[in-house]
Amino acid sequence: MADIKDPENTILIELKDGTVTIELLPDVAPGHCARIKELAREGAYDGVVFHRVIDGFMAQTGDVEHGKEGGNTARAGTGGSSKPDLKAEFSGVPHDRGTLGAARSQNPDSANSQFFINFSDNHFLNRQYTVYGRVISGMDLVDNITRGEPPANPDKMISMKVAADA
């Protein structure tokens, strides 16, 4: 397991093959960090599928409305949570391999619960999507997430927890 510096700002995502540890960046994107922790603590992300996974680009998940395994996952990617959308928190932090970005629609202030993890350096996204975390261990597990838009048999987040609560 990774060396966790700040358990309150560290997310643990349990995948089928192990745990992905993500260090949040509350100094960069406080609203987005607060939201992912709030939803994680509610169990909202547990069982949510990776609905858009593009080789060499990113793995997207977090549709807590339509992405739960066993529900109508054909609509995964079109929903969010019951909470209000978030204001964009764009920064100079680059979309490097392993960073966590907020998924959104064309409207910069439409991020809600969905997020993606970059498979590679995707600098064309810089200052257009909020970066609010980075994988500090388990990137090999992220690399193994089943590809597809959507994948025929999508992988899911078995659970997501705030490390301070784990």
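The structure we're discussing is the one just above.
Owing to the predicted nature of the structure, the values given are computational and were not obtained by experimental measurement.

Caption draft 1: Highlighting the packing of aromatic side chains. Scanning the model with the defined rule gives three aromatic pairs in all. For the pair Tyr45 and Phe115, a centre-to-centre distance of 5.7 Å together with 75° between the ring planes defines the contact as edge-to-face. Taken together, the positions of Tyr45 in the loop between helix H1 (30-42) and strand E3 (48-49) and Phe115 in strand E7 (residues 115-118) put the pair 70 residues apart, joining distant regions of the chain. Of the two residues examined, Tyr45 and Phe115, each falls in the buried class. Here Arg104 stacks its cationic end above the ring of Tyr129, 4.2 Å away from the centre of that ring.

Caption draft 2: View of the sheet that holds strand E1 (residues 10-15). Spatially, E4-E5-E7-E6-E8-E2-E1-E10 is the arrangement adopted by the eight strands of the open sheet, whose pairing is antiparallel. The outermost strands of the open sheet, each flanked by one partner alone, are strand E4 (52-54) and strand E10 (159-162). Across the sheet, the axes of successive neighbouring strands diverge by a mean angle of 25°, strand direction being ignored. Pairing of strand E6 (residues 99-102) with strand E8 (residues 131-137) involves three bridges; the strand directions are antiparallel. Counted as the bridge partner of Leu100 is Gly133 from E8.

Parameters at a glance
- Residues numbered from 1 in each chain as written.
- Predicted model: local features only at pLDDT ≥ 70, side-chain atom pairs only at ≥ 80, totals over all residues.
- Heavy atoms only, no water.
- Phe/Tyr/Trp six-rings, centres within 6.5 Å; stacked < 30°, edge-to-face > 60°.
- Helix = DSSP H or I, 4+ residues; strand = E, 2+ residues; numbered from the N terminus.
- Buried < 20%, exposed > 50% of the residue type's maximum accessible area, 1.4 Å probe, protein only.
- Lys NZ or Arg CZ within 6 Å of the ring centre and 35° of its normal.
- Pairing = 2+ DSSP bridges.
- Axes fitted to C-alpha atoms, helices over the stretch in contact; angles between N-to-C directions.

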